[in-house]
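What follows is each chain in one-letter form.
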Amino acid sequence: MHFPGLKVLAPSTPADAKGLLKSAIRDDNPVIFIEGELLYGFRREVPDGEHLVPIGKADIKRPGKDVTLITWSRMLTAVVEPAAEALAAQGIDAEVVDLRSLKPLDEETVLASVRKTNRVVIVEEGWSWCGVGASLADIIQKQAFDDLDAPVTRVTGLDINMSYAANLERATQPSVERVIAAVNEVLYRS
């Protein structure tokens, strides 16, 4: 993402994958299309016929008023959507923002959501050092600092080597429980 001139896409759903891939093919610039391998078996509705998703436009997957959950790729369906459902059962209304396009980044949608909820939790599969979440946190604290009622919080992969054993790999990745704990932290709940 840090190379000038590249566009970077990371869809979360089959419909977004179809629409972004078509948009990438039609774009005159170089586009990196990141496919979450574990999403290959994921099923959801895909529109028939012509379906384009604009590059550089995030999607509000679930509107909310209490906290903004920002994510992309596999974390949306594997962690954030189930966490948002569990939070709703606790009376917490989480807005879910799916970036879809990592570069260009839809700062307008992200900042509008943060200004609406005043709290943000970024959920990413990667490690905490550097990366998309760190850059996003920087953008938010620079451009929406006065709107924040709590520090920007990130839920990332644990800072350890990734294991090849499936159970150990799952243990290092963000989980619904870790996201719920982070949301309770930014809401100052015990």
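Our structure is the block above this text.
Residues numbered from 1 in each chain as written. Predicted model: local features only at pLDDT ≥ 70, side-chain atom pairs only at ≥ 80, totals over all residues. Heavy atoms only, no water.

Participant: So what's going on with the sheet that holds strand 2 (residues 31–33)? Which residues, and what values?
Facilitator: Overall, mixed pairing links the 3 strands, which are arranged 2-1-6 in an open sheet. On the outer flanks of this sheet lie strand 2 and strand 6 (101–103), each paired with one strand and no other. Here the strands of the sheet are splayed against their neighbours by 25° on average, with no regard to which way each runs. As judged from the 3 bridges shared by strand 1 (residues 7–9) and strand 2, these two strands associate in the parallel manner. What sits directly across from valine 8, in strand 2, is isoleucine 32. Across the face of the sheet, helix 1 (residues 14–26) comes into contact with strand 1 and strand 2 while running at roughly 155° to strand 2. (Pairing = 2+ DSSP bridges. Helix = DSSP H or I, 4+ residues; strand = E, 2+ residues; numbered from the N terminus. Axes fitted to C-alpha atoms, helices over the stretch in contact; angles between N-to-C directions. Contact = heavy atoms within 4.5 Å.)

Participant: Let's hear about the side chain of serine 12: which residues, and what values?
Facilitator: For serine 12, the position within the fold is in the loop between strand 1 and helix 1. Classification of serine 12 as buried rests on a relative accessible area of 2%. A distance of 3.0 Å separates polar atoms of two side chains, one belonging to serine 12 and the other to aspartate 98. Residues in contact with serine 12, not counting those within four places in the same chain, are Leu39, Phe42, Trp72, Ser73, Leu76, Thr77 and Asp98. (Buried < 20%, exposed > 50% of the residue type's maximum accessible area, 1.4 Å probe, protein only. Polar contact = N/O pair within 3.5 Å; in protein donor to acceptor, adjacent residues only side chain to side chain.)

Participant: An account of helix 4 (residues 131–143) is requested, with residue identities and associated values reported.
Facilitator: Helical geometry note: an α-helix holds 3.6 residues per turn, so side chains three or four residues apart project in the same direction. Between its first and last C-alpha atoms helix 4 spans 19 Å; for 13 residues at 1.5 Å apiece the expected length is 18 Å, and the two agree. The secondary structure elements touched by the buried residues of helix 4 are strand 4 (67–71), strand 6, helix 3 (107–117), strand 7 (120–127) and strand 8 (153–157). (Expected span 1.5 Å × (residues − 1).)

Participant: Break down unusual backbone geometry for me, with residues and values.
Facilitator: Residue lysine 103 is joined to proline 104 through a cis peptide bond whose omega torsion reads 5°. For proline 104, the location among the structural elements is in the loop between strand 6 and helix 3. The backbone of arginine 100 shows a phi angle near 60°, a positive value even though the residue is not glycine. With respect to the helices and strands, the residue arginine 100 is situated in the loop between strand 5 (94–98) and strand 6. Take arginine 100: its relative accessible area is 7%, and that puts it in the buried class.

Participant: So what's going on with the nonpolar core? Which residues, and what values?
Facilitator: Core analysis: the biggest nonpolar cluster contains 23 residues, and Val67, Leu69, Leu87, Val121, Val123, Val179 and Val183 have the highest contact counts within it. When residues of this core are traced back to their parent elements, those giving at least two are strand 4, helix 2 (74–89), strand 5, strand 7 and helix 6 (176–186). A per-element tally of this core places helix 2 first, with 7 residues. Residues within four places of valine 179 in sequence aside, it is in contact with Leu69, Val79, Ala83, Val123 and Val155. Formed by 19 residues, the second largest nonpolar core is a distinct cluster that contains Leu99, Leu102, Ala144 and Leu148. (Core = buried A, V, L, I, M, F, W, Y, C linked by side-chain atoms within 4.5 Å.)

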